[in-house]
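# Working through the structure, step by step
Letter by letter, the chains look like this.
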Amino acid sequence: MEETYKNKRTVESNDPAHYNLIIIGIVIGMIGIFLRFTGSWMLIDAISNVLFIIGIVLCLKAVLRILK
């Protein structure tokens, strides 16, 4: 019974959807970082910070799902 539980957890951890979410989060975060260096306008700074935070949240969400 324990082997079945471990196998199920391994299959769930290796689900490609988790890794796709990590890639999307990294891309969004990188866009936010890129915008941070394009200028010093208040609007661009705010948008870059929001995009960076969204990227962080998506990556953390995916990693926590993998660890669950």
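Residues numbered from 1 in each chain as written. Predicted model: local features only at pLDDT ≥ 70, side-chain atom pairs only at ≥ 80, totals over all residues. Heavy atoms only, no water.

### Some points on the nonpolar core
Buried together is how nonpolar side chains tend to be arranged in soluble globular proteins. Here is the rule we go by: Buried Ala, Val, Leu, Ile, Met, Phe, Trp, Tyr and Cys residues that are joined via side-chain atoms within 4.5 Å together make up what is termed a nonpolar core. Think of it in three bands: with a 1.4 Å probe and only protein chains considered, a residue is buried below 20% of the maximum accessible area for its type, exposed above 50%, and partly exposed in between. Starting at the N terminus, helices and strands are each numbered in turn, a helix being any DSSP run of H or I of at least four residues and a strand any DSSP run of E of at least two. Residue contacts are defined here by distance: any two heavy atoms, one from each residue, within 4.5 Å place the two residues in contact.
Leu21, Ile22, Leu58, Ala62 and Ile66 together form the largest nonpolar core, which totals 5 residues. Broken down by secondary-structure element, the contributors of at least two residues to this core are helix 2 (16-36) and helix 3 (42-67). Top contributing element to this core by residue count: helix 3, with 3 residues. In this structure, Ile22 is in contact with Cys59, Ala62, Val63 and Ile66, ignoring residues within four places of it in sequence.

### Some words on the environment of Cys59
Following the sequence through the fold, Cys59 ends up in helix 3. Through-space distance from the C-alpha of Cys59 to that of Ile44 is 22 Å; in sequence the pair is 15 residues apart.

### As for helix 3
Rules: To estimate how far a helix should extend, the number of its residues minus one is multiplied by 1.5 Å.
Taking 1.5 Å per residue, 26 residues should reach 38 Å; helix 3 reaches 38 Å between its end C-alpha atoms and fits that length. Those residues of helix 3 not exposed but buried are Ile44, Ser48, Gly55, Leu58, Cys59, Ala62 and Ile66.

### Regarding the packing of aromatic side chains
For the record, the criterion: Any two of the Phe, Tyr and Trp rings considered here, Trp counted by its six-membered ring, make a pair once their centres fall within 6.5 Å; the pair's planes then place it as stacked at under 30 degrees, edge-to-face at over 60, or tilted in between. The criterion for a charge sitting over a ring is simple: Lys NZ or Arg CZ within 6 Å of the ring centre, and within 35 degrees of the ring normal.
Evaluation of the coordinates by the stated rule reveals 0 aromatic pairs. Over the ring of Phe52 we find Arg36, and its NZ or CZ is 5.3 Å from the ring centre.

### A word on helix 2
The periodicity of an α-helix, 3.6 residues per turn, causes residues three or four positions apart to be oriented the same way. The line we're drawing: The arc in question is the one spanned by the directions pointing from the helix axis to the C-beta atoms.
The end-to-end C-alpha distance of helix 2 is 30 Å, a good match for the 30 Å that 21 residues give at a rise of 1.5 Å each. Listed as buried for helix 2 are His18, Leu21, Ile22, Gly25, Gly29 and Gly32. Summarising the axial view, the buried residues of helix 2 lie within an arc of 100°, below the 170-degree limit, and thus occupy one face. For helix 2, exposure combined with an orientation more than 90 degrees from the buried face picks out Ile23, Met30 and Phe34.

### Re the side chain of His18
Filter applied, for reference: Polar contact is the term for a pair of N or O atoms within 3.5 Å; when the atoms are in protein, one must be able to donate a hydrogen and the other to accept it, and sequence-neighboring residues count only if both atoms are side-chain atoms.
Looking at where His18 falls in the secondary structure, it is placed in helix 2. Relative accessible area serves as the criterion here: at 11%, His18 is assigned to the buried category. Side-chain polar atoms of His18 contact the backbone oxygen of Glu12, separated by 3.1 Å.

### Details of a nonpolar patch on the surface
The condition that has to hold: Each patch is assembled from residues with relative accessible area greater than 30% and no salt bridge, linking like charges that lie within 9 Å and nonpolar side chains (Val, Leu, Ile, Met, Phe, Trp, Tyr) that lie within 5 Å. Using the Shrake-Rupley algorithm and a 1.4 Å probe, accessible areas are obtained, with residue cover drawn only from the displayed protein chains. Just to be clear on terms, a salt bridge is a Lys or Arg side-chain nitrogen sitting within 4 Å of an Asp or Glu carboxyl oxygen.
Residues Ile23, Val27 and Ile31 make up a contiguous nonpolar surface patch of about 260 Å² in total accessible area. Relative to the helices and strands, Ile23 resides in helix 2.

### A few points about the environment of Val11
Within the secondary structure layout, Val11 lies in helix 1 (residues 2-13). With a relative accessible area of 60%, Val11 lands in the exposed category. Through-space distance from the C-alpha of Val11 to that of Met42 is 45 Å; in sequence the pair is 31 residues apart.

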